[in-house]
Amino acid sequence: MNSHTVEKIGGTSMSDYAAVRNNIVLSPHHKEQPYQRIFVVSAYGGLTNLLLEHKKTGQAGVYALFANGVKDDSWKASLQVLKQEMFSINEKLFGDGALLKQANQFIGLRLDEAEHCLTDLHRLCQHGHFSLGAHLATVREMLASIGEAHSAWNMTQLLCQEGINARFVDLTAWEGSKQSGLDDQIAQAFADIDLARELPIVTGYAHTEKGLMSTFDRGYSEMTFSRIAVITQACEAIIHKEFHLSSADPRLVGEDNVVPIGRTNYEVADHLANLGMEAIHPRAAKGLRQHNIPLRVKNTFEPEHAGTLITGDYVSDKARAEIIAGCRDVYAIEVFDQDMTDLQAKYDTEILEVIRRFKARVVTKDSNANTITHYLSTNLKTIKRIIQVLKQNYPEAEVNQRKVAIVSAIGSDMQVSGILSKAVAALAENQISVLALHQSMRQVDMQFIINEDDYAKAIKSLHNCLVEVHNHGSAICLAS
């Protein structure tokens, strides 16, 4: 293993270049020696939403408008809005000078080439022999790559102005003709880079022959980051975010009550990802874990804080819940069928196949003799489509849906006698009904299905009874 680190900078952090420069690249610890690091950057905050679709609201961006508008060209207007937003960001970063002109030329050319490509494809798919759907995955990858190319190129130029030997590493294969796997592409890109003298600024998007987005969708930059750490044999992987990995959302439990997590393990990170609160995508974490590369999650805006160190072998010195997290936008789909009793495995496989077809994410599920309930994180439109198919497949079954929320207590070791009853009692004391609950034999998490209106109150209740009751001095020291 080498002495360098691989560091990913999130979109919100990238939108504040002064903080990135002062708190990350030229922090007091690195001011005299900024090298022996590789930076993998996300697009500026909000730009991937404009390129694809809004991650939370689903509002259409260029990709969604193009995919859904075979008979119109409304995506072109959206592309022009995107271009102006990118030019506006460039102006704020470079002022009015030669570098601004170069920055606009760089990203403007990519946007123009993307527009020409989409126009040609749109025209081609007006003919019956060509299907737009067959090309949409490629279109999505192409558009996504523009955001990271924009931010990586800009950051490289800005750091060069500071006297740092930064190097733009473009993994988007925008002008390349050769298809290769992710690992091969990374190995080729870093073959002639001297980390002792150069500071690589790498696009979070990497083009591969199979496509990263087909598997990871918006988590593609984390996979790029992880594989770079593995291929280059980094001593540590670091993610810079706009917040600490903490015991709960401070907006719900209060700034004074929340506790930064000094240490935890990859299994806890997986459970957070399952709830949609990713420290890192589970598949990206897998590579780091297998190669014994520790992951550190840091707050960009508190550079003096050591952040959270995630390793494969960490177990808390005292069994307890460490994090209270949850997921609001969850739909429960319940299938009850008297014929299921002897055929539950068959039903489960068939129901999951329908869910996969519509690309809904399963947060958790439960079952008994004649009922299977899946809790899905997706939108109502997708839920209705899934239910329609399930009713067609099982005409004699009862298929019900319900909007719910999930709150979860998570810890590296939660083998505490009575912890489940204590949590349920705390929820009951606050008039919160538990619709369903799950606790696995691994004793690392408990999940409570509740009414969506009780979400904030449930997070606060569980944090109060399971986290705030402990002395967290040792955890704070680990992080300081």
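If you're wondering where the values come from, they're calculated on a predicted model, not measured in any experiment. Residues take numbers from 1 onward in each chain, read along the sequence in its written order. This being a predicted model, a pLDDT of at least 70 is required before a residue's local features are given, and a value of 80 or more before pairs of side-chain atoms are given or counted; all residues contribute to the totals for chains, interfaces and linings. Side-chain measures were taken over the full set of non-hydrogen atoms in the model, leaving aside hydrogen atoms and water.

*Asks:* Tell me about the sheet that holds strand β10 (residues 361–367), and please be specific about residues and values.
*Replies:* Spatial strand order, β10-β11-β9-β12-β14-β13: six strands in an open sheet with antiparallel pairing. Each end of this open sheet is capped by a strand with a single partner; those strands are β10 and β13 (434–439). Geometrically, the sheet is characterised by an average inter-axis angle of 30 degrees between neighbouring strands, direction not taken into account. Two strands are counted as paired when DSSP detects at least two bridges linking them. Each helix is a run of DSSP H or I of at least 4 residues and each strand a run of E of at least 2, with the numbering of both proceeding from the N terminus. Pairing analysis gives seven bridges linking strand β12 (residues 398–410) to strand β14 (residues 445–451), with the strands arranged antiparallel. Bridging from a neighbouring strand, valine 407 pairs with phenylalanine 448 of β14. Every axis corresponds to a line fitted to the C-alpha atoms, with the helix fit spanning only the stretch in contact, and the corresponding angles, defined between N-to-C directions, vary from 0 to 180 degrees.

*Asks:* Which residues make up the packing of helix α5 (residues 74–94) against helix α6 (residues 98–124), and what values go with them?
*Replies:* Their axes nearest at 9 Å, the elements α5 and α6 cross at an angle of 165 degrees. The orientation of α5 relative to α6 falls into the category roughly antiparallel. The way α5 lies across α6 gives a crossing that is right-handed. Across the interface between the two elements, Trp75, Lys76, Leu79, Gln80, Leu82, Lys83, Met86, Phe87, Asn90, Glu91 and Phe94 of α5 pack against Leu99, Leu100, Ala103, Asn104, Ile107, Gly108, Leu111, Asp112, Glu115, Leu118, Thr119 and His122 of α6. Roughly parallel here means an angle under 35 degrees, roughly antiparallel means over 145, roughly perpendicular means 65 to 115, and every remaining angle is called oblique. Helix crossings fall into two classes, left-handed where the near helix is turned counterclockwise from the far one by less than a right angle and right-handed where it is turned clockwise. It only takes one pair of heavy atoms within 4.5 Å for two residues to be counted as in contact.

*Asks:* Outline the pattern of salt bridges, listing residues and values.
*Replies:* Note on definitions: salt bridges are taken to be side-chain nitrogens of Lys or Arg within 4 Å of carboxyl oxygens of Asp or Glu. Applying the stated criterion across every chain yields a total of 18 salt bridges. A salt bridge links glutamate 53 to arginine 140; the nearest nitrogen and oxygen atoms lie 2.8 Å apart. On the criterion of sequence distance, the pair formed by glutamate 53 in the loop between α3 (47–51) and α4 (62–68) and arginine 140 in helix α7 (residues 136–161) is long-range, its members being 87 residues apart. In this structure glutamate 53 comes out as buried when scored by relative accessible area, which is 16%. Since its relative accessible area comes to 11%, arginine 140 is described here as buried. The partner of aspartate 170 in a salt bridge is arginine 110, with the nearest N and O atoms 2.6 Å apart. With aspartate 170 in the loop between β3 (166–169) and α8 (182–189) and arginine 110 in helix α6, this pair connects stretches of sequence that are 60 residues apart. Residue exposure (1.4 Å probe, protein chains only): buried if accessible area is under 20% of the type maximum, exposed if over 50%, otherwise partly exposed. Residue classification places arginine 110 among the buried positions, given a relative accessible area of 7%. Taken together, the shared-partner salt bridges in this structure form one network comprising Glu53, Arg140, Asp217 and Arg218.

*Asks:* Residue-level account of the packing of α8 against helix α10 (residues 220–231), with values.
*Replies:* At their nearest, the axes of α8 and α10 sit 10 Å apart, and the two run at 60 degrees to each other. One element, α8, and the other, α10, form an angle in the oblique class. You can see that α8 and α10 cross each other, and the crossing is right-handed. Here Leu182, Asp183, Ile186 and Ala187 of α8 lie close against α10, whose contacting residues are Met223, Thr224, Arg227, Ile228 and Ile231. Residues of the contact of α8 with α10, tallied by class, amount to six nonpolar, one polar and two charged. Residues are grouped as follows: Ala, Val, Leu, Ile, Met, Phe, Trp, Tyr, Cys and Pro are nonpolar; Asp, Glu, Lys and Arg are charged; every other residue, Gly included, is polar.

None of the figures reported here should be taken as evidence of function without further support.
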